[in-house]
Amino acid sequence: MCIRDRICVIHQLLFHPMIMKMKDVVARGVLGDITRVEIKQGTPPRDFPPISDPNHWWHKLNGGIYGDSLSHPLYLARFFLGNIEPVMVYGNKLGIYEHLPIDEVQIILKGEQGVGTIISSCNIPSLWEVDIYGTKKIAHGELNNSYLVVYDCKTNNGRGILSSYIKGNINRSLQILTSSIITGKKMLSRENRGHFVQIRRFYESMQKGKEIPITGEDDREITRLQELVIERMKDTW
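**Description of the layout of surface pockets**
Empty space among the atoms becomes visible once a probe the size of a water molecule is rolled across them.
Next, step 1: One number sums up the size of the largest pocket: a volume of about 420 Å³.
Next, step 2: Surrounding the largest pocket, 24 residues form its lining, Gln12, Leu13, Phe48, His72 and Trp128 being those nearest its centre.
Next, step 3: The element contributing the most residues to the lining of the largest pocket is helix H2 (residues 66-69), with three residues.
Next, step 4: Broken down by class, the residue content of the lining of the largest pocket amounts to 11 nonpolar, 11 polar and two charged.
Next, step 5: Taken as a whole, the second largest pocket holds about 300 Å³ of empty space.

**Quick look at the pairing of strand S1 (residues 34-42)**
Next, step 1: Here S1 runs beside strand S5 (residues 127-134); their pairing, made up of eight bridges, is antiparallel. Within S5, the residue paired with Gly42 across the bridge is Leu127.
Next, step 2: Where S1 lies against strand S4 (residues 114-121), seven bridges are found, and the strand directions are parallel. Within S4, the residue paired with Lys40 across the bridge is Ile119.

**Remarks on a positive patch on the surface**
Next, step 1: Taken together, the side chains of Arg200, Arg201, Lys208 and Lys210 make up a positively charged region of the molecular surface.
Next, step 2: Residue position: Lys208 is located in helix H5 (residues 194-208).
Next, step 3: You can call Lys208 exposed: its relative accessible area is 57%.

**Overview of unusual backbone geometry**
Next, step 1: Of note, Ser146 is a non-glycine position whose phi angle comes to about 55 degrees, a positive value.
Next, step 2: Residue placement: Ser146 occurs in the loop between strand S6 (138-142) and strand S7 (147-151).
Next, step 3: Overall, Ser146 belongs to the buried group, its relative accessible area being 9%.

**Re the pattern of salt bridges**
Next, step 1: Per the counting criterion, the structure on display carries nine salt bridges.
Next, step 2: Across the pair Glu221 and Arg224 runs a salt bridge, and its minimum N-O distance is 2.7 Å. Taken together, the residues span about one helical turn, with Glu221 and Arg224 both in helix H6 (residues 216-234) at a distance of three residues.
Next, step 3: Among the residues examined, Glu221 registers a relative accessible area of 19% and is labelled buried.
Next, step 4: With relative accessibility at 33%, the residue Arg224 sits in the partly exposed group.
Next, step 5: Between Lys234 and Glu231 there is a salt bridge whose closest N-O contact spans 3.3 Å. Here the residue Lys234 and the residue Glu231 both occupy positions in helix H6, the gap between them amounting to three residues, near one helical turn.
Next, step 6: On the basis of relative accessibility, which here comes to 30%, the residue Lys234 falls in the partly exposed class.
Next, step 7: The network of salt bridges with shared partners includes Arg36, Glu38, Lys40 and Asp131.

**Quick look at the side chain of His56**
Next, step 1: Examined against the element boundaries, His56 turns out to sit in the loop between S1 and H2.
Next, step 2: Owing to a relative accessible area of 18%, His56 belongs among the buried residues under this scheme.
Next, step 3: Here Trp58 takes part through its backbone nitrogen, which lies 3.1 Å from a polar atom of the side chain of His56.

**Looking at helix H3 (residues 71-81)**
Next, step 1: With nine of 11 residues buried, H3 is to be regarded as a mostly interior element.
Next, step 2: When H3 is considered as a whole, its buried residues turn out to be Ser71, His72, Pro73, Leu74, Tyr75, Leu76, Ala77, Phe80 and Leu81.
Next, step 3: Positive backbone phi, approximately 80 degrees, marks Gly82, located one or two places after H3.

**What about the sheet that holds S6?**
Next, step 1: In spatial order, the strands read S2-S3-S4-S1-S5-S6-S7; together these seven strands make up an open sheet with mixed pairing. Single-partner strands in this sheet number two, and they are strand S2 (84-92) and S7. The sheet shows a mean angle of 10 degrees between the axes of neighbouring strands, direction not considered.
Next, step 2: Strand contacts of helix H1 (residues 17-27): S1, S5, S6 and S7, with the helix running at about 25 degrees to S7, the strand carrying the most contacts.
Next, step 3: Sitting on the sheet, H6 touches S2 and strand S3 (104-111), and the angle it makes with S2 is about 35 degrees.

Reading guide: rules and limits
- Residues numbered from 1 in each chain as written.
- Predicted model: local features only at pLDDT ≥ 70, side-chain atom pairs only at ≥ 80, totals over all residues.
- Heavy atoms only, no water.
- 1 Å grid on protein atoms, 1.4 Å probe; cavity = no way out; pocket = protein on both sides within 12 Å on 5 of 7 lines; lining within 4 Å.
- Points joined across faces, edges and corners; volume = space filled by probe spheres on them.
- Helix = DSSP H or I, 4+ residues; strand = E, 2+ residues; numbered from the N terminus.
- Nonpolar A, V, L, I, M, F, W, Y, C, P; charged D, E, K, R; others polar.
- Pairing = 2+ DSSP bridges.
- Patch = residues over 30% accessible without salt bridge, like charges linked within 9 Å, V, L, I, M, F, W, Y side chains within 5 Å.
- Areas by Shrake-Rupley, 256 points an atom, 1.4 Å probe, with all protein chains shown as cover.
- Salt bridge = Lys/Arg side-chain N within 4 Å of Asp/Glu carboxyl O.
- Lys, Arg positive; Asp, Glu negative; His and termini not counted.
- Charge placed at Lys NZ, Arg CZ, Asp CG, Glu CD.
- Buried < 20%, exposed > 50% of the residue type's maximum accessible area, 1.4 Å probe, protein only.
- Polar contact = N/O pair within 3.5 Å; in protein donor to acceptor, adjacent residues only side chain to side chain.
- Axes fitted to C-alpha atoms, helices over the stretch in contact; angles between N-to-C directions.
- Contact = heavy atoms within 4.5 Å.

Taken by themselves, the reported measurements are silent on function.
Next comes the structure, spelled out in structure tokens:
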């Protein structure tokens, strides 16, 4: 492929330092076989003023605000679960803004490697969480607060084990502290943020003939999924 023919689509959250850490944990087999991925996205109007502005261009998109925001949780789910298809979509309206026919949506996905769920809501505090469930352990990532916790839970036939709970809580606290410091330092540098990392990798792909980070075909599939979800959302308008 000629350099002039190369195209890369920005899926910046795949290059967020926390998601990069989650990729590494999955690749090393720490979690075992992936069985489920849960993604929560909170976009309240107080933190995202365009949501409350009926004249903003977001609301002119097919699907309104979800014509912009849904691509992010979809490409994250697709990365960890492989090819995905929505099996159920439920939209709801809880807020006060009349120009929002739907202000939250829940999606159940069937993936090659397991089941996925996405919750995207304008009625909860700002939130970006990714939970990956494996046969051995669970990974919980907080993108806004920049920490990752990997843990497992042990019980005695369903009953809690006090010593295990205490040890587990201490371990999680240390992981949050360590992860916050390391990732926080990276986030202070613009060069370690998702956009910059992906653009730098695209530049290297052109200079050194490396694989393109995110291809047009990748984004075409995400666009197909997003449009499919939006059409099913409209059934609840």
